[in-house]
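Fold and geometry: a report
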Amino acid sequence: MLLYQLTQWFEERTSLQQALQSGTADSSSDLQQRIQDVEQQLHSHAERWKNAIQEASYLQFPYENPQLDDDMVL
């Protein structure tokens, strides 16, 4: 679900930037504001994702068999 949302926001941002560059929109300031809003959503969602990954790494159990690291696994 997260990747789907990120993809949707990136696509929206891209289409807004294209509309802004082509000059087909009536109000460029509205488009710029919408682009900033989408980028803020992307940033905050990425920050939440990063924090969730960091928290999950703290909950992992320590590796208990370091002697097995040198064994060749085929």
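That block above? That's the structure.
Residues numbered from 1 in each chain as written. Predicted model: local features only at pLDDT ≥ 70, side-chain atom pairs only at ≥ 80, totals over all residues. Heavy atoms only, no water.

**Thoughts on the overall build of the chain**
- Each helix and strand counted, the chain has 2 helices and 0 strands in total.
- Across the 74 residues in the chain, those meeting the buried criterion constitute 11%.
- Partitioning the intrachain contacts of the chain with sequence separation of at least 6 by distance along the chain shows that 50% fall at a separation of at least 24.
- Carbon together with sulfur atoms contributes 53% to the accessible area of the chain, which is approximately 6,400 Å² in total. (Helix = DSSP H or I, 4+ residues; strand = E, 2+ residues; numbered from the N terminus. Buried < 20%, exposed > 50% of the residue type's maximum accessible area, 1.4 Å probe, protein only. Contact = heavy atoms within 4.5 Å. Areas by Shrake-Rupley, 256 points an atom, 1.4 Å probe, with all protein chains shown as cover.)

**Comments concerning the pattern of salt bridges**
- Considering all chains together, one arrives at 3 salt bridges under this definition.
- Measuring nitrogen to oxygen at the nearest pair gives 3.1 Å for the salt bridge that ties Glu39 to Arg13. Of this pair, Glu39 sits in helix H2 (residues 28–59) while Arg13 sits in helix H1 (residues 2–22), and the two are 26 residues apart along the sequence.
- For the salt bridge of Glu47 with Lys50, the shortest nitrogen-to-oxygen distance reads 3.3 Å. Remark: Lys50 and Glu47 occur in helix H2; sequence separation between them is 3 residues, near one turn of the helix.
- For Glu47, a relative accessible area of 30% corresponds to the partly exposed category. (Salt bridge = Lys/Arg side-chain N within 4 Å of Asp/Glu carboxyl O.)

**Looking at a nonpolar patch on the surface**
- Together, Leu3, Trp49 and Ile53 make up a nonpolar patch on the protein surface, roughly 330 Å² of accessible area in all.
- Judged by relative accessible area, which is 39%, Trp49 ranks as partly exposed. (Patch = residues over 30% accessible without salt bridge, like charges linked within 9 Å, V, L, I, M, F, W, Y side chains within 5 Å.)

**Digging into the environment of Gln41**
- By secondary structure assignment, the location of Gln41 is in helix H2.
- Note on Gln41: relative accessible area 29%, which makes it partly exposed.
- Taking the C-alpha atoms as reference, Gln41 lies 9.0 Å from Leu6; in sequence the two are 35 residues apart.

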